[in-house]
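The residues making up each chain are set out below.
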Amino acid sequence: MPQPRSGTDEAQICLAELSSAGADFSALPDIAPQEGCFARNSVQVARVGGDMGSRLQVSGLSRVSCPTARSFAAWVRYGVDRAARQYLGSPVVRIETFGSYSCRNVAGSSRRSAHSRAEAVDVSGFVLADGRRITLVQDWNGGTASERQFLRVVQESACKRFGTVLGPEYNAAHADHFHLESGRGSFCR
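My aim in this report is to walk through the structure given alongside it, one point at a time. Small disclaimer: the values here were computed from a predicted structure and weren't measured.

1. A closer look at the overall build of the protein
Counting its regular elements, the protein contains four helices and 12 strands. Taking 189 residues into account, the globule formula puts the C-alpha radius of gyration at 16 Å, and the protein, at 16 Å, falls close to it. Principal-axis analysis of the C-alpha atoms gives the protein an extent of 50 × 40 × 30 Å. Relative to all contacts within the protein whose residues are 6 or more apart in sequence, the contacts with residues 24 or more apart total 56%. Charge separation in the protein, taken as the distance between the mean sites of 22 positive and 18 negative side-chain charges, equals 2 Å.

Set out below in structure tokens:
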């Protein structure tokens, strides 16, 4: 009968899988629990592997849990980069984020946000190889038909990889980004 894996084994497996997915990252020390906030098995991500062997820069992702980073990297490769090539005719070269870890509550509540555990990423835009910059705040409703479709396709793709995905149609607080949160469930708005 197989023995259960320790937390350290799970962490090492995640780091190995993130590396084999083509990510450039640095493992970070844990942040001990304080005020209900902590970060375990976290990484700083600089690049992720794109479709067709490309490498995509990631801005602002200075501390994110490894499992969340692994889901993010798979989403970028199979959901974002492929959709950009299909709908916009150009690969993505950079994903812009507002980051991950932040010791804070869910807006308007006393409940801690997934950001307080480094288990959420806020994605604000995409830079393409042809120089275009597609942002949620400008292009969700104001972009070309293909840019709007691209953003909706990548949100739908995120809903297959993350437990919670919030975007511009959820509320005004998410008008400028996708909130991608690890976990079970399927809350996609």
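Next comes the rest of the write-up.
2. Some thoughts on the packing of aromatic side chains
Taken as a whole and judged by the stated rule, the model has five aromatic pairs. Ring geometry for Trp140 versus Phe178: centroids 6.0 Å apart, planes at 80 degrees, classification edge-to-face. Here Trp140 is found in the loop between helix 3 (136–139) and helix 4 (145–159), whereas its partner Phe178 is found in strand 11 (residues 178–181), with 38 residues between them in sequence. Assigned by exposure class, Trp140 and Phe178 land together as buried. Ring geometry for Tyr170 and Phe187: centres 5.9 Å apart, planes at 90 degrees, overall edge-to-face. Here Tyr170 is found in the loop between strand 10 (164–166) and strand 11, whereas its partner Phe187 is found in strand 12 (residues 187–188), with 17 residues between them in sequence. When its relative accessible area of 37% is taken as the criterion, Tyr170 is described as partly exposed. Under the relative-accessibility criterion, Phe187 is labelled partly exposed at 32%. Cluster of aromatic residues (ring-pair linked, three or more members): Phe72, Trp75, Phe126 and Phe150. Cation over ring: Arg40 sits above Phe38, and NZ or CZ is 4.2 Å from the ring centre. It is Arg152 that lies over the ring of Trp140; its NZ or CZ is 3.9 Å from the centre.

3. Observations concerning the environment of Leu88
Considering the arrangement of structural elements, one finds Leu88 in helix 2 (residues 66–88). Residue classification places Leu88 among the buried residues on the basis of a relative accessible area of 9%. As a C-alpha pair, Leu88 and Gln12 span 76 residues in sequence and 37 Å in three-dimensional space. Contact partners of Leu88, with chain neighbours within four places excluded, come to Ala83, Leu128, Arg132, Ile134, Ser146, Glu147 and Phe150.

4. Description of helix 2
The largest bend along helix 2 measures about 40 degrees and falls at Val76. Taken from the residues just after helix 2, Gly89 is the one with a positive phi, measuring 70 degrees.

5. Quick look at the state of the cysteines
One pass over the full model with this rule turns up three disulfides. One disulfide bridge connects Cys14 with Cys66, the sulfur atoms lying 2.2 Å from each other. Between Cys14 and Cys66, the S-S dihedral sits near -105 degrees, and the bridge is therefore left-handed. On the criterion of sequence distance, the pair formed by Cys14 in helix 1 (residues 7–20) and Cys66 in helix 2 is long-range, its members being 52 residues apart. A residue is classified by how much of its surface remains accessible, and Cys14, at 2% relative accessible area, is buried. Classification of Cys66 as buried rests on a relative accessible area of 0%. Ordering the disulfide-forming cysteines of the protein by sequence position, one finds them joined as 1-3, 2-4, 5-6.

6. What to know about the packing of helix 2 against helix 4
In the contact formed by helix 2 and helix 4, the axes pass within 9 Å of each other and the chain directions differ by 160 degrees. Between helix 2 and helix 4, the angle falls in the class roughly antiparallel. Between helix 2 and helix 4 lies a crossing of right-handed hand. Across the interface between the two elements, Trp75, Gly79, Val80, Ala83, Ala84, Tyr87 and Leu88 of helix 2 pack against Ser146, Glu147, Gln149, Phe150, Val153, Val154, Ser157 and Ala158 of helix 4. Looking at the contact of helix 2 with helix 4 residue by residue, the class counts come to 10 nonpolar, four polar and one charged.

Parameters at a glance
- Residues numbered from 1 in each chain as written.
- Predicted model: local features only at pLDDT ≥ 70, side-chain atom pairs only at ≥ 80, totals over all residues.
- Heavy atoms only, no water.
- Helix = DSSP H or I, 4+ residues; strand = E, 2+ residues; numbered from the N terminus.
- Rg over C-alpha atoms; globule rule 2.2 N^0.38 Å.
- Contact = heavy atoms within 4.5 Å.
- Lys, Arg positive; Asp, Glu negative; His and termini not counted.
- Charge placed at Lys NZ, Arg CZ, Asp CG, Glu CD.
- Phe/Tyr/Trp six-rings, centres within 6.5 Å; stacked < 30°, edge-to-face > 60°.
- Buried < 20%, exposed > 50% of the residue type's maximum accessible area, 1.4 Å probe, protein only.
- Lys NZ or Arg CZ within 6 Å of the ring centre and 35° of its normal.
- Bend = angle between axes of the 7 residues up to and from the residue.
- Disulfide = S-S within 2.5 Å.
- Axes fitted to C-alpha atoms, helices over the stretch in contact; angles between N-to-C directions.
- Parallel < 35°, antiparallel > 145°, perpendicular 65-115°, else oblique.
- Left-handed = near helix turned anticlockwise from the far one by under 90°.
- Nonpolar A, V, L, I, M, F, W, Y, C, P; charged D, E, K, R; others polar.

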